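# Summary of structural features
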Amino acid sequence: MDSPFDVLGVDEDASEGEIESAYRERVKEAHPDQGGSAAEFQLVRAAYEKVTSEDADDGADIATEAGFGSEPSSDYRVDPDRDFRPWEESRVEYLNYAVLDDYGWSLDDEDLFERAADAGLDPVNHGEFDVQPGESLLDAAEDRGFAWPYACRGGACANCAVVVVDGDLSQPADHILSPELVDRNIRLSCNGIPATEELQVVYNVKHLPELEDLRLPPYPFELAHADD
C-alpha cells in the first residue's frame, strides 16, 4: 500500500512548505514530457491533493484513489487511451519584458507581478489566459489573439523564450538552451507546455544579452506588429 507521503517522498509530519517543495519536484520528475508517465504524474497529483486534504491519514491506498484499481501493478500503468488530465486547464499570468525598463522593474523583483497588476498595463503587456492540456504556451497565446515572438517553432532558437517566474513549463524539445539558462528558468514557449495548474511567465525576453547568439531573424513577430 502506498501512502501519499511515500509518493511525495516526505515524512508524515512534514510542514506545508516541505510538502509544497516536494510536490513541485515530484510533479516535474513525473511529467510525461520529462521522462515520466501520465500514470505517475496522476499519482503524484492525487498524493498531493490527499496530503493537503483533511483526511490525509485515513489509511486509503493512494493508487486506488487515483483510479488505478484495487490491485495496480508496481509501475501503475494505465490504459493508453485513457483521458489524462491532472487538471482541466492551466491559468497563465504573463508580463511583457519590454515594459520592465519603463517602470524600473527587474526580473529579480519578488513582487514583479504584483507591481504589474497595480500598474494598469494593457492586455498586450500584462494579463491572464487559460491553456488547455497538451497545448503549448505559444499556441495558447496566439489562439487568444496575442502576437508573441517566435521564429523556428521547433525549439532551435530563442526568439520565443520566456522566463518562468512561478510554476513549471515543460520542455519536451530544446536544442539550444544551456543548463545554466535552464537553471535560470528560461524556457521556450513554442513547444513548452504548462506542467502546473498556475504559471507566471515574462515573455519577449529574447533580447536578454545571454540569448543574443541564440536568436533568428524575428520576421514573424515584426510582421504581426507591422500595423501597430
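Here is what the cut-offs are and how they apply
For every chain, the first residue of the written sequence is number 1, and numbering continues from 1 onward in sequence order. Per-residue local features of the predicted model are confined to residues with pLDDT of at least 70, and side-chain atom pairs are confined, for both listing and counting, to 80 or more; whole-chain, interface and lining totals are unaffected and use all residues. Excluding hydrogens and water, the side-chain figures rest on all heavy atoms present in the structure. Pairs of strands are assigned from DSSP output, requiring at least two bridges between the strands. Numbering of helices and strands runs from the N terminus; a helix is a DSSP stretch of H or I covering at least four residues, while a strand is a stretch of E covering at least two. Lines are fitted to the C-alpha atoms to define the axes, a helix being fitted only along its stretch in contact, and any angle between axes, read from their N-to-C directions, falls within 0 to 180 degrees. Nonpolar side chains (Val, Leu, Ile, Met, Phe, Trp, Tyr) are joined into patches within 5 Å and like charges within 9 Å, using only residues with over 30% relative accessible area and no salt bridge. The Shrake-Rupley method, run with a 1.4 Å probe, gives the accessible areas here. Residue values count only the displayed protein chains as cover. For this analysis, a salt bridge means a side-chain nitrogen from Lys or Arg found within 4 Å of a carboxyl oxygen belonging to Asp or Glu. Positive: Lys, Arg. Negative: Asp, Glu. His and the chain ends are not part of the count. A charge is said to be at NZ when it belongs to Lys, at CZ for Arg, at CG for Asp and at CD for Glu. Throughout, exposure labels follow a simple rule: accessible area from a 1.4 Å probe, protein chains only, divided by the maximum for the residue type, with under 20% read as buried, over 50% as exposed, and the rest as partly exposed. Only heavy atoms matter for contacts: two residues are in contact if any of them lie within 4.5 Å across the pair. Nonpolar core, defined: a set of buried Ala, Val, Leu, Ile, Met, Phe, Trp, Tyr and Cys residues in which side-chain atoms within 4.5 Å join the residues together. Stacked, tilted and edge-to-face are the three classes assigned to paired rings of Phe, Tyr and Trp, where Trp is represented by its six-membered ring and a pair needs centres within 6.5 Å; plane angles under 30 degrees give stacked, over 60 edge-to-face, the rest tilted. A score between 0 and 100, pLDDT records how confident the predictor is in each residue.

## As for the sheet that holds strand S2 (residues 126–131)
In spatial order, the strands read S2-S1-S7-S3-S5; together these five strands make up an open sheet with mixed pairing. Both outer strands of the open sheet, S2 and strand S5 (186–188), are each paired with one neighbouring strand and no more. The sheet shows a mean angle of 35° between the axes of neighbouring strands, taken without regard to direction. Where strand S1 (residues 90–96) and S2 come together, six bridges link them in antiparallel fashion. Residue pairing across strands places Leu95 opposite His126, the latter belonging to S2.

## Structural notes on a negative patch on the surface
Negative charge collects at one region of the surface, where Asp6, Asp11, Glu12, Asp13 and Glu18 lie side by side. By secondary structure assignment, the location of Glu18 is in helix H2 (residues 16–30). Assessed through its relative accessible area of 48%, Glu18 is described here as partly exposed.

## Describing the side chain of Asn125
Mapped onto the elements, Asn125 comes out in the loop between helix H6 (112–118) and S2. The class of Asn125 is buried, set by a relative accessible area of 14%. Apart from the residues within four sequence positions on either side, Asn125 is in contact with Tyr94, Leu95, Asn96, Val99 and Tyr203.

## Considering the pairing of S1
If a strand is regular, its side chains alternate between the two faces of the sheet. Burial analysis of S1 places six of its seven residues in the buried class, which makes it a mostly covered element. In this sheet, strand S7 (residues 198–203) lies alongside S1 in parallel orientation, the contact comprising six bridges. Residue Tyr94 lies in a different strand from S7, and its bridge partner there is Val201.

## Focus: the nonpolar core
Ranked by internal contacts, the top residues of the largest apolar core, which has 37 residues, are Leu95, Trp105, Phe129, Leu137, Trp148 and Val201. Counting only elements with at least two residues in this core, the list comes to S1, H6, S2, helix H7 (137–143), strand S3 (161–166), S5 and S7. Setting aside its immediate chain neighbours within four residues, Leu137 contacts Val92, Phe129, Val131, Trp148, Val162, Leu169, Ser189, Gly192 and Val201.

## Observations concerning the packing of aromatic side chains
Enumeration over the complete set of coordinates arrives at nine aromatic pairs. Ring geometry for Tyr94 and Phe129: centres 5.6 Å apart, planes at 35°, overall tilted. One end of the pair, Tyr94, is in strand S1; the other, Phe129, is in strand S2, with 35 residues separating them in the sequence. Residue Tyr94 is classed as buried on the basis of its relative accessible area of 1%. Its relative accessible area of 3% is what places Phe129 among the buried residues. With a centroid separation of 5.9 Å and 65° between ring planes, the pair formed by Tyr94 and Trp148 is classed as edge-to-face. Taken together, the residues Tyr94 in strand S1 and Trp148 in the loop between H7 and S3 connect sequence positions 54 residues apart. Taken individually, Tyr94 and Trp148 each receive the classification buried, so the pair is uniform in this respect.

## Regarding the environment of Phe146
Relative to the helices and strands, Phe146 is located in the loop between H7 and S3. Taking C-alpha positions, Phe146 is 8.9 Å from Pro123, a pair spaced 23 residues apart along the chain. When near neighbours in sequence (up to four residues on either side) are disregarded, Phe146 contacts Tyr94, Pro123, Phe129 and Ala141.

## Quick notes on the confidence of the model for the protein
For the protein, the average pLDDT comes to 80, and 73% of its residues sit at 70 or higher. Ranking the elements of the protein by mean pLDDT puts helix H9 (residues 219–224) last with 48 and H6 first with 97. The low-confidence segment residues 69–86 (pLDDT under 50) makes 21 contacts with residues lying over four places distant or belonging to another chain. Counting interchain partners and residues more than four positions distant, the pLDDT-below-50 stretch residues 220–228 has 10 contacts.

## A short note on unusual backbone geometry
Most peptide bonds adopt trans geometry, and most residues besides glycine take a negative phi value. Of note, Arg153 is a non-glycine position whose phi angle comes to about 65°, a positive value. Along the chain, the position of Arg153 falls in the loop between H7 and S3. Judged by relative accessible area, Arg153 falls into the partly exposed class, the value being 34%. With a phi angle near 65°, Asn204 is a residue other than glycine that sits in the positive phi range. The topology assignment puts Asn204 in the loop between S7 and H9.

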